[in-house]
Amino acid sequence: MAEQRKDSVEALASQVAASALAATTQQETISSKVLSAATAKDDDADDASEQHQFNWRFHCKYFSMFLHVLPQRMQTYDSNRTMIVYFGLAGLDLLGQTGLLSDNAKQNTADWIYSMQIPPDSEGSEDNTHALGFSGGCRLPSAFNPTCEAEAWIPGESSHITMTFCALCSLAILRAPLDRVNRSGIVRALAACQTENGTFQSVATGGESDMRFLYCACCISTMLNDWSGVDKDRAVDFIVNSLTYEGAFAQNPYQEAHGGSTFCAVAALSLMGRLDALSSDQREELVAWLLRRQHTGFNGRPHKLVDTCYSFWIGGALRILGVSDLVDLGKLRGYLTTTEQSSGGFSKHSDGHADPVHSYLGLAGLALMNEPGTQPINPELNMSQDSVDYICKYFADQKS
């Protein structure tokens, strides 16, 4: 009896083992099929991305539109016209298509940009050195002056450091004569914008102050070949103090690391020749943080959606650090094919609408990848290398 019971138990155990083995084999087969299907899907997506041709003709039309008319929904950006013109011109420039603009159109655009330059108060008694540079929208007299001739300074008006950066870039792209740029005045205004902690305010009379404006100050100083308006040591201290426990840079000390501010920090350090302010460990952590931003495209912070603009902000930082070869370019390009709009431009997400910022930065991201049809880009100044060479050579030949 005992032997029969033992035989029954052993038989049952064998059946259970056989069933478990069969179930495991079946699960492995299913998992293998699922993995194969997923891999095939990814391969198909990669193939589709590789076969996708960006429609540069429609992108050119989209960027050209910024120089003429904008949709009604963008009327709230009227005070940022100088920046929008920059995105339009810079987009055409990266596509090598500024020739689509007639000589007359280029001249008119350059004249309009110069009309945004704040003139010295030569007639009044007030020193407006702090206000010199370029503004973002039509100055009140110029709005009614179709000749775009220089107007007298209006007490209270001021330049904006970002708009000065955009204006200088635009003049370079247009290959406009640069002898009308108030170089010394702009540099003095920069000095007035630097704060005690080393960063810069958007305007000298007050306003936002963070990493964005420090970056713009470094770009302006590079283009004008005059760093007398920037205390580099204080600027570097601010950047290093904005490095977070995450390994990347925030807009200000004690804030959250962000892809945009990290690019600004890295580019500013590079322009100042001070990337060595980061230790080898800090640099390694920074690169790791940047690489973790890639899923398909890049996001700007952990747990956020991927976004077209970070193809430049993150991609540009990695290029400056010399590690862009670690990016999965196939996945990044594939994401940008989903945000390209059929009528031209790029949207923030794949289900969005094109806008000037994401359209240009998406294109700049592709230029970093040497996408056929794009021109070589200077990542620090976010402009084609040819245009950077034009403005830097001009001011390098001038006496400070």
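What counts, and at which threshold
- Residues numbered from 1 in each chain as written.
- Predicted model: local features only at pLDDT ≥ 70, side-chain atom pairs only at ≥ 80, totals over all residues.
- Heavy atoms only, no water.
- Helix = DSSP H or I, 4+ residues; strand = E, 2+ residues; numbered from the N terminus.
- Buried < 20%, exposed > 50% of the residue type's maximum accessible area, 1.4 Å probe, protein only.
- Areas by Shrake-Rupley, 256 points an atom, 1.4 Å probe, with all protein chains shown as cover.
- pLDDT = per-residue confidence, 0-100.
- Contact = heavy atoms within 4.5 Å.
- Axes fitted to C-alpha atoms, helices over the stretch in contact; angles between N-to-C directions.
- Parallel < 35°, antiparallel > 145°, perpendicular 65-115°, else oblique.
- Left-handed = near helix turned anticlockwise from the far one by under 90°.
- Nonpolar A, V, L, I, M, F, W, Y, C, P; charged D, E, K, R; others polar.
- Expected span 1.5 Å × (residues − 1).
- Polar contact = N/O pair within 3.5 Å; in protein donor to acceptor, adjacent residues only side chain to side chain.
- Phe/Tyr/Trp six-rings, centres within 6.5 Å; stacked < 30°, edge-to-face > 60°.
- Lys NZ or Arg CZ within 6 Å of the ring centre and 35° of its normal.
- Core = buried A, V, L, I, M, F, W, Y, C linked by side-chain atoms within 4.5 Å.
- Disulfide = S-S within 2.5 Å.
- Salt bridge = Lys/Arg side-chain N within 4 Å of Asp/Glu carboxyl O.

Student: Explanation requested: the overall build of the protein in the structure shown.
Tutor: Secondary structure assignment for the protein yields 14 helices and six strands. By residue count, 50% of the 400 residues in the protein fall in the buried class. Just so you have it, the protein exposes about 19,300 Å², and 52% of that area is on carbon and sulfur atoms.

Student: Help me out: how do you make sense of the confidence of the model for the protein in this one?
Tutor: Confidence in the prediction for the protein averages 87 pLDDT; 82% of positions are at 70 or higher. Across residues 16–45, confidence stays below pLDDT 50; counting only partners more than four residues off in sequence or on other chains, it has zero contacts.

Student: What is the right way to read the environment of Gln53 from this model?
Tutor: Mapped onto the secondary structure, Gln53 falls in the loop between α1 (2–51) and α2 (56–65). Judged by relative accessible area, which is 61%, Gln53 ranks as exposed. Linking Gln53 and Thr337, residues 284 residues apart in sequence, is a C-alpha distance of 8.7 Å.

Student: Honestly, the packing of helix α4 (residues 103–115) against helix α5 (residues 161–173) in this entry has me stumped. Any pointers?
Tutor: The description of two packed helices rests on the angle between their axes and on the distance between the axes. Between α4 and α5, whose axes approach to 10 Å, the crossing angle comes to 155°. With respect to α5, the axis of α4 lies roughly antiparallel. Relative to α5, α4 is oriented so that their crossing is left-handed. Facing Ala110, Ile113 and Tyr114 of α4, the residues of α5 in contact are Ala167, Ser170 and Leu171. Classifying every residue of the contact of α4 with α5 by side-chain character gives five nonpolar, one polar and no charged.

Student: Any chance you could explain helix α9 (residues 259–271) here in plain terms?
Tutor: Given 3.6 residues to a turn, an α-helix orients residues that are three or four positions apart in the same direction. Spanning 13 residues, α9 covers 18 Å between terminal C-alpha atoms, matching the ideal 18 Å at 1.5 Å per step. Within α9, 12 of the 13 residues are buried, leaving the element largely enclosed by the surrounding structure. Of the residues making up α9, those classed as buried are Gly259, Gly260, Ser261, Thr262, Phe263, Cys264, Ala265, Val266, Ala267, Ala268, Leu269 and Leu271. Where α9 is buried, its residues touch α7 (211–224), α8 (232–241), α10 (280–291) and α11 (310–320).

Student: Help me out: how do you make sense of the packing of helix α6 (residues 183–193) against α7 in this one?
Tutor: Between α6 and α7, the shortest axis-to-axis distance is 11 Å and the interhelical angle comes to 155°. In terms of orientation, α6 lies roughly antiparallel with respect to α7. Judged by the sense of rotation from one axis to the other, the crossing of α6 with α7 is left-handed. Contacts from Arg183, Ile186, Val187 and Leu190 in α6 reach Ala217, Ile220, Ser221 and Leu224 in α7. By residue class, the composition of the contact of α6 with α7 is six nonpolar, one polar and one charged.

Student: When you look at the environment of Glu371 in this model, what are you seeing that I'm missing?
Tutor: Within the secondary structure, Glu371 is located in the loop between α13 (356–368) and β5 (377–378). With near-sequence residues (within four places) excluded, Glu371 lies in contact with Phe54, Trp56, Arg333 and Leu366. A distance of 2.9 Å separates the side chain of Glu371 from the side chain of Arg333, its partner in a polar contact.

Student: Hey, could you run me through α6 in this one?
Tutor: By the burial criterion, the buried members of α6 are Arg183, Gly185, Ile186, Val187, Ala189, Leu190 and Cys193. Buried residues along α6 sit in contact with β1 (117–118), β2 (133–134), α5, β3 (200–201), α7 and α14 (385–396).

Student: I would appreciate a short explanation of the packing of aromatic side chains in the present structure.
Tutor: Describing an aromatic ring pair means giving the distance of the ring centres and the angle of the ring planes. If you walk through the whole model with that rule in mind, you get 15 aromatic pairs. With a centroid separation of 5.9 Å and an interplanar angle of 90°, the aromatic rings of Phe63 and Phe66 are classed as edge-to-face. On the accessibility criterion, Phe66 (5% relative accessible area) is buried. Summarising the aromatic geometry, the rings of Tyr394 and Phe395 are spaced 4.9 Å apart at their centres and angled 90° between planes, so their arrangement reads as edge-to-face. Grouped by ring-pair contacts, the aromatic residues Tyr86, Phe87, Phe165, Tyr215, Phe263, Phe312, Trp313 and Tyr360 constitute a single cluster. Across from the ring centre of Phe58, 4.7 Å away, lies the NZ or CZ of Arg57, which sits over that ring. The ring of Trp227 carries Lys232 above its face, with NZ or CZ at 4.5 Å from the centroid.

Student: Got a minute to help me understand the nonpolar core in this structure?
Tutor: Within soluble globular proteins, side chains that are nonpolar tend to cluster in buried spots. One finds Phe165 and Tyr360 to be the most contacted residues of the largest nonpolar core, which totals 109 residues. Leaving out residues up to four positions away in the same chain, Tyr360 has contacts with Phe63, Tyr86, Phe87, Ala90, Gly91, Leu94, Ile377, Asn382 and Met383.

Student: What am I meant to see in the state of the cysteines here?
Tutor: Here, disulfide denotes a covalent bond that connects the sulfur atoms of two cysteines. Across all of its chains, the model carries zero disulfides by this definition. Of all cysteine sulfurs in the structure, the one in Cys216 sits closest to Cys219, which takes part in no disulfide; the separation is 6.1 Å. You can see Cys392 has no disulfide; the closest cysteine sulfur is in Cys169, sitting 9.6 Å from it.

Student: Mind showing me how you'd approach the pattern of salt bridges here?
Tutor: Oppositely charged side chains may form a pair once their charged atoms are brought near each other. On inspection of all chains with the given rule, the structure shows 10 salt bridges. In this structure, the salt-bridge partner of Arg301 is Glu256, at a minimum N-O distance of 3.1 Å. Remark: Glu256 occurs in the loop between α8 and α9 and Arg301 occurs in the loop between α10 and α11; sequence separation between them is 45 residues. Relative accessible area serves as the criterion here: at 43%, Glu256 is assigned to the partly exposed category. The salt bridge involving Lys348 is made with Asp307; its shortest N-O contact spans 2.7 Å. A residue pair is termed long-range when its members are at least 10 positions apart, and Lys348 in the loop between α12 (329–339) and α13 and Asp307 in the loop between α10 and α11 qualify at 41 residues. Residue classification places Asp307 among the buried residues on the basis of a relative accessible area of 4%.

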